[in-house]
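Inside the fold
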Amino acid sequence: MTGARNVKGGLVLLAGGFAAGLAMSLYAFAPLVAVPAGLAHYDDVPRRLFRLAHIAAIMLPLVNIVLGPWLDRLALPGRARAAASWLLLLGAAGLPPALALEAFVPPVILLHLSALPALAFSLGVFLVSAGAYRTDFTKEVSRAGANQHATEGQGDRRRALQEAPGGA
Ligand code: HEM
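Residues numbered from 1 in each chain as written. Predicted model: local features only at pLDDT ≥ 70, side-chain atom pairs only at ≥ 80, totals over all residues. Heavy atoms only, no water.

**Overview of the overall build of the protein**
When its secondary structure is counted, the protein shows 6 helices and 0 strands. When the helices and strands of the protein are listed from N to C terminus, the series reads α-α-α-α-α-α. Scaling as 2.2 N^0.38, a compact globule of 168 residues should have a C-alpha radius of gyration of about 15 Å, whereas the protein reaches 23 Å, well beyond that. For the protein, the C-alpha atoms occupy an extent of roughly 75 × 40 × 20 Å along the three principal directions. Expressed as a percentage of the 168 residues in the protein, the buried residues total 35%. Restricting the contact set of the protein to residue pairs at least 6 apart, pairs at least 24 apart contribute 74%. Counting only carbon and sulfur atoms, one obtains 71% of the accessible surface of the protein, whose full area is about 10,200 Å². (Helix = DSSP H or I, 4+ residues; strand = E, 2+ residues; numbered from the N terminus. Rg over C-alpha atoms; globule rule 2.2 N^0.38 Å. Buried < 20%, exposed > 50% of the residue type's maximum accessible area, 1.4 Å probe, protein only. Contact = heavy atoms within 4.5 Å. Areas by Shrake-Rupley, 256 points an atom, 1.4 Å probe, with all protein chains shown as cover.)

Here is the structure:
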């Protein structure tokens, strides 16, 4: 299942975003530690970049977790589906550290390192959207509905058996 790596990767990467949030809490309000120069003021570029890294490190893994289960149901050629999967995962893994590097080593900002994972992740989403456009979701919904009925049917039968005299 192609999307399984996005669900697992997203769940693993999510911790990084919260760890960054906890780290920011050390200086963002009443500082508990000596605040590095670039993080002193709310709108300093390094502080904004680190804040963006925190947000990306939470939201991009969440997008992986949400899109992962759909990847295998999209009308996309196998290679495009695999490419979307890897672009979403590598974009989510690469963007937060690239932004954090730009935050802590300001000269690196000029290299625009964070552009690559941001473009990769966006390309992954574009592929998913193109696949969604080609996919007939009515089939998906009816299949999900049929599965639900089947499950309910099984439940009813099990109950009928349990309630039958001398039942299980
Ligand atoms: C325990 C969990 C979290 C902690 C400790 C935390 C901590 C922080 C801190 C300290 C800041 C301010 C940084 C600064 O002043 O430069 C911040 C900003 C932000 N966080 Fe979190 N965060 C957490 C969870 C989340 C979650 C789940 C989201 C959802 C995406 C999120 C989104 C944001 C956003 C959008 C900002 C920027 C807000 C603004 O512009 O002031 N955070 N976070």
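**A closer look at the domain arrangement of the protein**
Each assigned domain of the protein is listed here: domain 1 (2–135) and domain 2 (136–168). Centre-to-centre separation of domain 1 and domain 2, based on C-alpha positions: 40 Å. (Domains from an automatic or database assignment.)

**So, the coordination of the iron atom of the ligand**
For the iron atom of the ligand, the protein contributes exactly one donor atom, His54 (NE2), at 2.1 Å. Looking at the secondary structure, you find His54 in helix H3 (residues 45–71). (Donors = N, O, S within 2.8 Å, 3.2 Å for Na, K, Ca; no water.)

**Let's talk about unusual backbone geometry**
A negative phi angle is the norm for most residues apart from glycine, just as the trans form is the norm for most peptide bonds. Its identity as a non-glycine residue notwithstanding, His112 has a phi of 50°, on the positive side. Tracing the backbone shows His112 in the loop between helix H4 (78–104) and helix H5 (115–134).

**Some details on the side chain of Ser114**
One can find Ser114 in the loop between H4 and H5. Discounting chain neighbours no more than four positions away, the residues touching Ser114 are Leu95, Ala98, Leu99 and Glu102.

**Notes on the site of the ligand**
Taken together, 14 residues lie around the ligand, and Gly21, Tyr42, Arg47, Arg51 and His54 are the ones closest in. Arg47 places a side-chain nitrogen or oxygen 2.7 Å from an oxygen atom of the ligand. Arg51 is positioned with one of its side-chain polar atoms (N or O) 2.8 Å from an oxygen atom of the ligand. Where the shell around the ligand is concerned, the elements lending two or more residues are helix H2 (15–28) and H3. (Near = heavy atom within 4 Å. Polar contact = N/O pair within 3.5 Å; in protein donor to acceptor, adjacent residues only side chain to side chain.)

**Looking at a nonpolar patch on the surface**
Among the surface-exposed residues, Leu101, Phe104, Val105, Leu111 and Leu113 lie close enough to one another that they form a single nonpolar patch of about 440 Å² accessible area. In this structure, Val105 sits in the loop between H4 and H5. (Patch = residues over 30% accessible without salt bridge, like charges linked within 9 Å, V, L, I, M, F, W, Y side chains within 5 Å. Salt bridge = Lys/Arg side-chain N within 4 Å of Asp/Glu carboxyl O.)

**A short note on the environment of Ala34**
With respect to the helices and strands, Ala34 occurs in the loop between H2 and H3. Judged by relative accessible area, which is 75%, Ala34 ranks as exposed. A C-alpha to C-alpha distance of 35 Å links Ala34 and Leu119, two positions 85 residues apart in sequence.

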